[in-house]
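What follows is each chain in one-letter form.
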Amino acid sequence: MKLCIDDANLEKIKRIYEYYPIDGVSTNPTILSKYGRNPYELLKDIRDVIGEDKELFVQVTGETADIMVEEAHRIIQELGSSTLVKVPCVPEGFKAMKELKNEQIRFIGTAVYTPMQGYIAAKAGAEYIAPYVNRIDNLGFDGVQASKDIHDIIQKAGFTYSGLLAASFKNVYQVLELAKYGVKAVTVSPDIIEAFAGSHEITSAVAQFSHDFASLVGENKTMADC
Ligand code: G3P
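Every chain is numbered on its own, with residues counted from 1 as its sequence reads. For this predicted model, a pLDDT threshold of at least 70 governs which residues receive local features, and a threshold of 80 or more governs which side-chain atom pairs are given and counted, while totals over whole chains, interfaces and linings are taken from all residues. For the side-chain quantities, the full set of heavy atoms in the structure was used; hydrogens and water were omitted.

(A) Region of the structure containing the overall build of the protein. Comment: elements are numbered from the N terminus, with helices defined as DSSP H or I runs of at least four residues and strands as E runs of at least two. The secondary structure content of the protein amounts to 11 helices and 8 strands. The buried share of the protein, reckoned over its 226 residues, is 46%. We call two residues contacting when some pair of their heavy atoms lies within 4.5 Å. Counting contacts in the protein only where the partners sit at least 6 residues apart, residues at least 24 apart contribute 56% of the total. With an accessible surface of roughly 11,700 Å², the protein has 53% of that area assigned to carbon and sulfur atoms. In the protein, which carries 23 positive and 31 negative side-chain charges, the distance between the mean positions of the two groups comes to 3 Å. Relative accessible area decides the class of each residue, using a 1.4 Å probe on protein chains only: under 20% of the type maximum gives buried, over 50% gives exposed, and in between gives partly exposed. Using the Shrake-Rupley algorithm and a 1.4 Å probe, accessible areas are obtained, with residue cover drawn only from the displayed protein chains. We count Lys and Arg on the positive side and Asp and Glu on the negative side, and we leave His and both chain ends out. Throughout, a charge is located at the NZ atom of Lys, the CZ atom of Arg, the CG atom of Asp or the CD atom of Glu.

Structural data, given as structure tokens:
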């Protein structure tokens, strides 16, 4: 399963990218709006941190298919061919997807709240589908189950180029459930990624190892110099 960072905070992206095996960074207009910078300036800084080859996900904001396609051209021109255009799964978005597919521009269907939105986007050629797990939970439905349903639909329909980039996680358990299910990718906030291995029990177990080893070979010694 690919693991992406769902944020545009440069400092957090640098830290997560340095410590963890990360496949890309996803953004949306709300995430970009938090930083008060020109979107392309900020996105280019993110591109510099992650390099040319990692996937960067950037959303279109237009209300018509024509504008979305125009935005897609600019996004790819500014940020490179390993950038994927996030297209909302609404009728104008589906229309835009058909044109992007014709032009062989890579795209992802986003703002997915129902399995059938995911089905249409996959059928239209989306490389990824982004169900919003926690937002679906907050509507009183089951975001993990909706994501599994989309995964199953994609598999059973044989849309081999498509898979999930599940998004909108609010806890590690939601991510774990989809990891166990074998989804293609998830995009997760830096804080939740840090929480994968961030419990008190884990850090105190490692501290105990250091303490015990020091009692054997002395303080500040390691397996490199004992
Ligand atoms: O990028 C889409 C998604 O991750 C939204 O997350 O936290 O706004 O529900 P959130």
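(B) Broad picture of the domain arrangement of the protein. Domain boundaries shown here were taken from an automatic or database domain assignment. Here the domain parsing of the protein yields domain 1 (2-195) and domain 2 (196-226). Just the C-alpha atoms count here: the centres of domain 1 and domain 2 sit 39 Å apart.

(C) Seen up close, the site of the ligand. Whether a residue is near a molecule or strand depends on its heavy atoms: if one lies within 4 Å, it is near. The environment of the ligand is formed by D6, N28, K86, Y132, R135, A167, S168 and K170. At a separation of 2.7 Å, an oxygen atom of the ligand approaches a polar side-chain atom of R135. Think of a polar contact as two N or O atoms within 3.5 Å of one another; within protein, one of them needs to be a possible hydrogen donor and the other a possible acceptor, and neighboring residues in sequence only count if both atoms come from side chains. Measuring from an oxygen atom of the ligand, one finds a side-chain N or O atom of S168 at 2.7 Å. For the ligand, whose accessible area on its own is 310 Å², the fraction buried by protein is 81%. In the shell around the ligand, the residues fall into 2 nonpolar, 2 polar and 4 charged. Put simply, Ala, Val, Leu, Ile, Met, Phe, Trp, Tyr, Cys and Pro go in the nonpolar bin, Asp, Glu, Lys and Arg in the charged bin, and everything else, Gly too, in the polar bin.

(D) Representation of the sheet that holds strand β7 (residues 163-166) within the structure. By the convention used here, strands pair only if DSSP detects at least 2 bridges between them. On the basis of which strands lie adjacent, the closed barrel formed by 8 strands has the order β1-β2-β3-β4-β5-β6-β7-β8 and parallel pairing. Adjacent strand axes in the sheet meet at a mean angle of 25° when their direction is disregarded. Here strand β1 (residues 2-6) runs beside strand β8 (residues 185-188); their pairing, made up of 4 bridges, is parallel. Paired with C4 across the strands is T187, a residue of β8. Lines fitted to the C-alpha atoms define the axes, with helices restricted to the stretch that makes contact. Angles between their N-to-C directions range from 0 to 180 degrees. Sheet strands in contact with helix α6 (residues 115-123) are β5 (107-112) and β6 (128-131), and its direction is about 170° off that of β5.

(E) Just the side chain of S168, in detail. Within the secondary structure, S168 sits in the loop between β7 and α9 (172-181). In terms of polar contacts, S168 uses its side chain to reach the backbone amide nitrogen of R135, at 3.4 Å. In this structure, S168 is in contact with D6, Y132, V133, N134, R135, Q174 and T187, ignoring residues within four places of it in sequence.

(F) Geometry of the nonpolar core. Judged by nonpolar contacts, the single largest core of 54 residues is most densely connected at I46, V87, I129 and F169. With 6 residues, the top contributor of residues to this core is helix α4 (residues 65-79). Among the nonpolar cores identified, the runner-up in size contains 10 residues, and C4, F57, Y128 and A167 belong to it. Throughout this description, the term nonpolar core refers to a set of buried Ala, Val, Leu, Ile, Met, Phe, Trp, Tyr and Cys residues connected via side-chain atoms within 4.5 Å.

(G) Quick look at unusual backbone geometry. Unlike most non-glycine residues, A111 shows phi in positive territory, near 55°. According to the relative accessible area criterion, A111 is partly exposed, its value standing at 22%.

(H) Local environment of the packing of aromatic side chains. Stacked, edge-to-face and tilted are the three classes for Phe, Tyr and Trp ring pairs, Trp counted by its six-membered ring, which pair at centre distances within 6.5 Å; planes under 30 degrees apart are stacked, over 60 edge-to-face, the rest tilted. Inspection of the entire model under this criterion finds 4 aromatic pairs. Between Y119 and F159, the aromatic rings sit 6.5 Å apart at their centres with planes inclined by 35°, giving tilted as the arrangement. Residue Y119 is found in helix α6, and its partner F159 is found in the loop between α8 (143-157) and β7; the two are separated by 40 residues along the sequence. On the basis of relative accessibility, which here comes to 26%, the residue Y119 falls in the partly exposed class. Charges are assigned to positions over rings by a cutoff of 6 Å between ring centre and Lys NZ or Arg CZ, combined with an angular limit of 35 degrees from the ring normal. Here R15 stacks its cationic end above the ring of Y19, 4.5 Å away from the centre of that ring. Just above the ring of Y161 sits the side chain of K101; from NZ or CZ to the centre is 5.0 Å.

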